Amino acid sequence: MSRSRVYQWCTWFGEGRISLGDEPKSGRPKTSTNEENTTRVDELIRCDRRMKIREIALKLEIPKSTVHEIVHDTLGYRKVSARWVPKMLTEDHKLQRVEISQRLLQRCQQDNGDEDTTHIGVGPGGDFQANNNLFDNLITGDETWVHLNTRETKRDSMTWKHPFSPVTKKFKVQRSAAKVMATVLWDAKGVILLDILPQGQCINAARYCSTLDRLKEAIRRKRPGLLRRGVVLQHNNATPDSANHTQQWLQRYGWEILPHPAHSLDLAPSDFHLFGPLKRHLGSMAFETEDDLISELRNWFDNLDVDFFRVGINSLLSRWQKCIDLCRYYVEK
């Protein structure tokens with residue numbers, strides 16, 4: 001600090017000043033951030049939710065900084081991307097989702113001898129827990145494509161850094177054309193069957209029944225007593241699953257099909273609980289052969305904790321309840 005500046009501070013403190021902070025100043029009064037402009041900005045946004053700050057500033061002939069302050073601080077808007085959903089549900093689809101969710105919740109209540117789902121029990125993370133015949137005998141599964149070279153998602157590549165740290169670079173990587181179709185069938189204790197579709201074949205009713213044959217033998221080895229108690233199978237509404245040949249197979253062995261609404265990936269444990277972590281695990285991995293990829297799949301499933309599968313099955317209860325509470329729309333979490 002210069003000598004003259006020291007003298008100036010001494011004079012101020014001699015006159016009674018006790019603070020080192022800046023004194024409040026009136027400054028230039030705000031002329032753009034007023035009630036009239038706030039109302040005009042709100043009207044423009046309500047007419048076009050995709051309008052940009054720059055476009056609003058040009059239209060109203062006020063600074064962009066003022067528009068930004070009005071939009072974010074005064075009106076409390078924030079711009080977000082639309083949420084992806086599997087399909088635009090019709091009213092029939094929405095009604096079906098609610099009706100099936102209500103029927104399944106009522107069945108869980110009857111199995112537990114309880115009239116209220118809130119008494120079923122809440123486990124870690126707020127998930128409902130049910131100890132009933134339905135979840136004890138339930139097997140769920142689905143098919144998914146697995147590439148020999150799986151791209152890492154942008155979110156998974158995020159890293160912590162300081163403001164002065166160099167920015168990490170991520171190069172664009174294409175998914176490999178080579179891939180395998182994996183059918184995973186599992187329950188609350190783990191994976192029962194991992195079935196890989198041979199190259200050159202497609203999943204039809206005959207192929208799906210062949211997979212069910214292998215599943216029946218796997219249940220006999222890994223889940224003693226389940227075939228005697230009765231299997232409850234949850235699968236999607238794809239053509240091979242609903243074909244007459246498949247229905248005859250299920251009737252012949254007395255397997256029950258758990259109702260599942262159409263276009264409802266959010267109510268299928270394989271889609272909302274299992275395949276996401278699997279693809280993240282395979283992200284940025286590259287395999288030379290299909291055998292290497294299949295071996296990695298088996299190792300990953302074998303190393304998963306039993307609680308992982310239990311949480312995925314038990315979360316069906318909370319998702320059925322949320323489907324009803326959200327007025328038939330898709331459940332996020």
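Note that the coordinates shown come from a computational prediction; the quantities given were computed from them, not determined experimentally.

Trainee: Teacher, can you tell me more about the overall build of the protein here?
Mentor: Helix and strand content of the protein: 13 helices and 5 strands. A total of 333 residues make up the protein; the buried ones form 39% of that total. When contacts within the protein are restricted to residue pairs at least 6 apart in sequence, long-range pairs at least 24 apart make up 69% of them. Total accessible area computed for the protein in this model is approximately 21,300 Å², and 50% of it derives from carbon and sulfur atoms.

Trainee: Sorry, what's going on with the side chain of Thr246 here?
Mentor: Locating Thr246 in the fold gives a position in helix H10 (residues 244-253). Residue Thr246 is classed as buried on the basis of its relative accessible area of 0%. Dropping the residues within four chain positions of it, Thr246 is found in contact with Ala205, Tyr208, Cys209, Leu212, Pro240 and Asp241.

Trainee: Can you help me understand the pattern of salt bridges in this one?
Mentor: In total, this model carries 10 salt bridges according to the counting rule given. A salt bridge links Glu91 to Lys94; the shortest N-O distance between them is 3.8 Å. You can see Glu91 and its partner Lys94 sitting in helix H5 (residues 91-112), 3 residues apart, about one turn around the helix. On the basis of relative accessible area, Glu91 is assigned to the partly exposed category, the value being 49%. Given a relative accessible area of 9%, Lys94 falls into the buried group.

Trainee: What exactly am I supposed to notice about the packing of aromatic side chains here?
Mentor: Any two aromatic rings considered together are summarised by their centre-to-centre distance and by the angle between their planes. Under the definition given, this model contains 8 aromatic pairs. Taking the centre distance of 5.5 Å and the plane angle of 85 degrees together, the rings of Phe308 and Phe309 count as edge-to-face. Among the residues examined, Phe309 registers a relative accessible area of 1% and is labelled buried. The ring of Trp145 carries the charged tip of Lys179 above its face, separated from the ring centre by 4.3 Å. Its end group placed over the ring of Phe272, Arg319 keeps NZ or CZ at 3.8 Å from the ring centre.

Trainee: It is not clear to me how the nonpolar core should be interpreted in this structure. Could you clarify?
Mentor: The biggest cluster of nonpolar side chains holds 37 residues, and the ones touching the most others in it are Phe135, Val184, Leu274, Leu293, Leu297, Phe301 and Trp320. Within the residue set of this core, elements represented by two or more residues are H5, helix H6 (133-136), strand S1 (138-147), strand S2 (179-187), strand S3 (190-196), helix H11 (269-282), helix H12 (290-303) and helix H13 (306-325). By residue number, the principal contributor to this core is H13, which donates 6 residues.

Trainee: Got a minute to help me understand the pairing of S3 in this structure?
Mentor: Of all 7 residues in S3, 7 are buried; the element is thus mostly enclosed. Between the antiparallel neighbours S2 and S3 lie 2 residues.

Trainee: Can you walk me through unusual backbone geometry in this structure?
Mentor: Across residues other than glycine, the phi torsion is negative in most instances, and most of the peptide bonds are trans. A positive phi is found at Glu61, a non-glycine position, where the angle reads about 60 degrees. Positionally, Glu61 belongs in the loop between helix H3 (53-60) and helix H4 (64-74). In this structure, His263 is a non-glycine residue whose phi angle is positive, near 55 degrees.

Calculation notes
- Residues numbered from 1 in each chain as written.
- Predicted model: local features only at pLDDT ≥ 70, side-chain atom pairs only at ≥ 80, totals over all residues.
- Heavy atoms only, no water.
- Helix = DSSP H or I, 4+ residues; strand = E, 2+ residues; numbered from the N terminus.
- Buried < 20%, exposed > 50% of the residue type's maximum accessible area, 1.4 Å probe, protein only.
- Contact = heavy atoms within 4.5 Å.
- Areas by Shrake-Rupley, 256 points an atom, 1.4 Å probe, with all protein chains shown as cover.
- Salt bridge = Lys/Arg side-chain N within 4 Å of Asp/Glu carboxyl O.
- Phe/Tyr/Trp six-rings, centres within 6.5 Å; stacked < 30°, edge-to-face > 60°.
- Lys NZ or Arg CZ within 6 Å of the ring centre and 35° of its normal.
- Core = buried A, V, L, I, M, F, W, Y, C linked by side-chain atoms within 4.5 Å.
- Pairing = 2+ DSSP bridges.

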